[in-house]
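# Observations on the model geometry
The chain contents come next:
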Amino acid sequence: QVQLVESGGGLVQAGGSLRLSCAASGRTFSTYGMGWVRQAPGKEREFVAGISASGGKTYYTNSVKGRFTISRVNAKNTVSLQMNSLKPEDTAVYYCAADEGGIWPGKTRYEYWGQGTQVTVSS
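Everything numeric here is computed off the predicted structure, so don't read it as measured data.

### A short note on the environment of Ser 63
- Its place among the elements puts Ser 63 in the loop between β6 (58–60) and β7 (68–73).
- When the C-alpha atoms of Ser 63 and Gln 39 are compared, they prove to be 14 Å apart, with 24 residues separating the residues in sequence.
- Those residues in contact with Ser 63, other than ones at most four positions away along the chain, are Arg 38 and Glu 46.
- For Ser 63, the side chain forms a polar contact with the side chain of Arg 38, separated by 3.5 Å.

Spelled out as structure tokens, the structure:
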């Protein structure tokens, strides 16, 4: 069982930055692939970024490549998403998610989910 709690969302102007953090409970955090998935109003959930259990592999959706960076610290049971050069189209609820079954580009189905954190980018 893994419980996930996100933090760091908020309102920012276009071009600005935010850092999302996700704190995970459980002793087996290092066995879970982690992902960030977002959902904008009226749209389906969208894979944003993912990182393998060891942290050795990372994946990004094309629209955020070069702007977002996912990272994790297994010793602290945390995963983060650094978001730079934010655009209005990045506005969404961002969810942290975990899965023992691996991470790949586009993955939107996970075993465990956080409650989500709102990111709003104004133009």
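Text resumes after the structure shown.
### Regarding the pattern of salt bridges
- The final tally for this structure, using the stated rule, is 4 salt bridges.
- Notably, a salt bridge pairs Glu 46 with Arg 38, separated by 2.8 Å at the nearest N-O pair.
- With a shortest N-O distance of 3.0 Å, Arg 38 and Asp 90 are connected by a salt bridge. Within this pair, whereas Arg 38 is found in strand β4 (residues 33–39), its partner Asp 90 is found in the loop between β8 (78–83) and β9 (92–99), the two being separated by 52 residues in sequence. Side by side, Arg 38 and Asp 90 carry an identical accessibility label, which is buried.
- Several salt bridges converge on common partners, so that one network encompasses Arg 38, Glu 46, Arg 67 and Asp 90.

### Re the sheet that holds β8
- Reading across from one edge, β1-β3-β8-β7 is the order of the 4 strands in this open sheet, with antiparallel pairing throughout. Of all strands in the sheet, those with a lone pairing partner are β1 (4–7) and β7, marking the two edges. Averaged over all pairs of adjacent strands, the angle between strand axes in this sheet comes to 15°, irrespective of strand direction.

### Quick look at unusual backbone geometry
- In the Ramachandran plot, Asn 77 falls in the positive-phi region, its phi being about 55° despite a non-glycine side chain.
- Note that Asn 77 resides in the loop between β7 and β8.
- Residue Asn 77 is classed as buried on the basis of its relative accessible area, which comes to 18%.
- Of note in the backbone geometry, Ser 85 takes a positive phi value of approximately 50° without being a glycine.
- Relative to the helices and strands, Ser 85 is located in the loop between β8 and β9.
- On the basis of relative accessibility, which here comes to 42%, the residue Ser 85 falls in the partly exposed class.

### Structural notes on the state of the cysteines
- Within this structure, the stated rule accounts for 1 disulfide.
- The residue that forms a disulfide with Cys 22 is Cys 96, at a sulfur-sulfur distance of 2.1 Å. Taking the torsion about the sulfur-sulfur bond, which here is approximately -80°, the covalent link between Cys 22 and Cys 96 counts as left-handed. Here Cys 22 is found in strand β3 (residues 18–24), whereas its partner Cys 96 is found in strand β9, with 74 residues between them in sequence. Accessibility classification places Cys 22 together with Cys 96 in one group, the buried group.

### Comments concerning the pairing of β4
- For β4, the buried fraction is high: 6 of the 7 residues fall into the buried class.
- When β4 meets β9, the two strands line up antiparallel, connected through 7 bridges. Following the sheet pairing, Val 37 is matched in β9 by Tyr 95.
- Note that β4 and strand β5 (residues 46–51) share 5 bridges and pair antiparallel. Along β5, the bridge assignment pairs Gly 35 with Gly 50.
- Counted between consecutive antiparallel strands, the loop separating β4 from β5 contains 6 residues, among which Gly 42 sits at a positive phi close to 80°.

Thresholds applied
Residues numbered from 1 in each chain as written. Predicted model: local features only at pLDDT ≥ 70, side-chain atom pairs only at ≥ 80, totals over all residues. Heavy atoms only, no water. Helix = DSSP H or I, 4+ residues; strand = E, 2+ residues; numbered from the N terminus. Contact = heavy atoms within 4.5 Å. Polar contact = N/O pair within 3.5 Å; in protein donor to acceptor, adjacent residues only side chain to side chain. Salt bridge = Lys/Arg side-chain N within 4 Å of Asp/Glu carboxyl O. Buried < 20%, exposed > 50% of the residue type's maximum accessible area, 1.4 Å probe, protein only. Pairing = 2+ DSSP bridges. Axes fitted to C-alpha atoms, helices over the stretch in contact; angles between N-to-C directions. Disulfide = S-S within 2.5 Å.

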